[in-house]
Amino acid sequence: MRKNILRSLLLLAILLFAVSCGKKNDTIKIVFLPNETNDSLKKSREEFARVVQEATGKKVEIVTTTDYNITVENIISGQSQIAYIGAEAYLNARQRTKDIEAVLTNAGESGTLEDARYYSFIAVRAEDANQYRSGDGFDLKKLKGKSIGFVTNSSTSGFKIPANYIVKEFGLKNTDEVLGNKVFSKVMFGNSHPGAQVLLFKGDVDVATFAIPKSFTIYELTAGKDFNSGATYKVKKGAVAPFGDYAGKSFTVIKSIPVYNGPIVFNTKTLAKEDQEKIKKALLAKSTTDNPHIFSDKKSKIRGLFLKENPNVGFVETNTAWYEGMKDIK
């Protein structure tokens, strides 16, 4: 009798395991960071999901979040199988689980990883920029006592990279001291890159850290060199939310720091190996590169998820080793 019960329990356990595995592979979930969850990118998210769905023949769900930490936890836990996250967030996730693997990133103008970069800004309102000038450049020591707005404490270009720079500039022990009162009179979080920019435009903070995608069309460059320290950007009239209320407002970059392009990552524990290969092949395909909702060129009226810096190249393959080299450009 006892053996029969044990056998039944074992069979039940095997059945439940099989069912759970089946469920795991029935639906593929893609989670996006807050920056990619606004209405203007709805079609882009749908097109990205369509590529995955057609490659695998499986149902695909889009997961949007309003918090960076939630996005990262979502992919680490395996609730989602695919994510687009920042480079620093990826490296931190890898420290917690080796189930997360960087697979692809958007290529630079060379069509390779060599210049697959974007830029983290430490910026101030354009009308205040002279307060921070020193000779032909800017002196970050003049930020002492000012208020600052970050994206979130888990954002690569909206906190990690600029905060580490501030640590070195002021001789601090770590980024925890950046969040204390050793440098700034007040610290706020915008919870997204647009949110941090709005904090600056509203006057809630004196300085903010954030990145703007190279494909962003809400700004026009009015002074300096694109994506360099000293560049000044003005919000265009008719800009998408939340920038529409700030048309004509400008910010000046007082420090521009290069950052590796963020990766498309897979949770290899909850995404079947055969699906990983199919998805990677589909995302590398010319049809994806030529899809304006996924890759838009500089002159396109459609804003894609990524900028197509090279007409012939979209995604390129990447890996953990490449991202670990990011320390060399900090």
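About the cut-offs
- Residues numbered from 1 in each chain as written.
- Predicted model: local features only at pLDDT ≥ 70, side-chain atom pairs only at ≥ 80, totals over all residues.
- Heavy atoms only, no water.
- Phe/Tyr/Trp six-rings, centres within 6.5 Å; stacked < 30°, edge-to-face > 60°.
- Helix = DSSP H or I, 4+ residues; strand = E, 2+ residues; numbered from the N terminus.
- Buried < 20%, exposed > 50% of the residue type's maximum accessible area, 1.4 Å probe, protein only.
- Lys NZ or Arg CZ within 6 Å of the ring centre and 35° of its normal.
- Pairing = 2+ DSSP bridges.
- Axes fitted to C-alpha atoms, helices over the stretch in contact; angles between N-to-C directions.
- Salt bridge = Lys/Arg side-chain N within 4 Å of Asp/Glu carboxyl O.
- Contact = heavy atoms within 4.5 Å.

The protein chain is annotated in an unreviewed UniProt entry as Lipoprotein from Leptotrichia hofstadii.

Looking now at the packing of aromatic side chains. For the structure on display, the rule yields 23 aromatic pairs. A ring pair is formed by Phe 121 and Tyr 233, whose centres lie 6.1 Å apart and whose planes are at 25 degrees; its orientation type is stacked. Here Phe 121, found in strand β5 (residues 117–125), pairs with Tyr 233, found in strand β12 (residues 232–235); they are 112 residues apart in sequence, far enough to count as distant. Across this residue pair, the class does not change: Phe 121 and Tyr 233 are buried. Taken together, the ring pairs in this structure connect Tyr 119, Phe 121, Phe 210, Tyr 219, Phe 227, Tyr 233, Phe 243 and Phe 251 into an aromatic cluster. Across the ring face of Phe 170, the terminal group of Lys 141 is positioned such that the distance to the ring centre comes to 5.9 Å.

Attention shifts here to unusual backbone geometry. The omega torsion of the bond from Ala 241 to Pro 242 falls at 5 degrees, within 30 degrees of zero and hence cis. The backbone of Asn 191 shows a phi angle near 70 degrees, a positive value even though the residue is not glycine. With a phi close to 65 degrees, Phe 227 is a non-glycine residue in the positive phi region. Exposure remark for Phe 227: the relative accessible area of 12% places this residue in the buried category.

To continue, consider the sheet that holds strand β13 (residues 250–260). Spatial ordering of the open sheet is given by β9-β8-β10-β5-β13-β12-β11, a layout of seven strands whose pairing is mixed. Looking at which strands have only one partner, the edges of the open sheet turn out to be β9 (186–189) and β11 (219–223). Averaged over all pairs of adjacent strands, the angle between their axes in this sheet comes to 30 degrees, without regard to strand direction. In this structure, β12 lies alongside β13, joined through three bridges in antiparallel fashion.

For the rest of this paragraph, the subject is the pattern of salt bridges. Per the counting criterion, the structure on display carries 17 salt bridges. Between Glu 61 and Lys 29 there is a salt bridge, and its shortest N-O distance comes to 4.0 Å. Of this pair, Glu 61 sits in strand β2 (residues 59–64) while Lys 29 sits in strand β1 (residues 27–32), and the two are 32 residues apart along the sequence. Connected via shared salt-bridge partners are Lys 43, Glu 47, Arg 50 and Glu 54.

Right, let's talk about the environment of Thr 71 for a bit. Of note, Thr 71 is situated in helix α3 (residues 68–77). Overall, Thr 71 belongs to the buried group, its relative accessible area being 0%. In this structure, the C-alpha to C-alpha distance between Thr 71 and Gly 171, residues 100 residues apart in sequence, is 32 Å. What Thr 71 contacts, discounting residues up to four positions off in sequence, is Val 31, Phe 32, Leu 33, Pro 34, Thr 65 and Ile 85.

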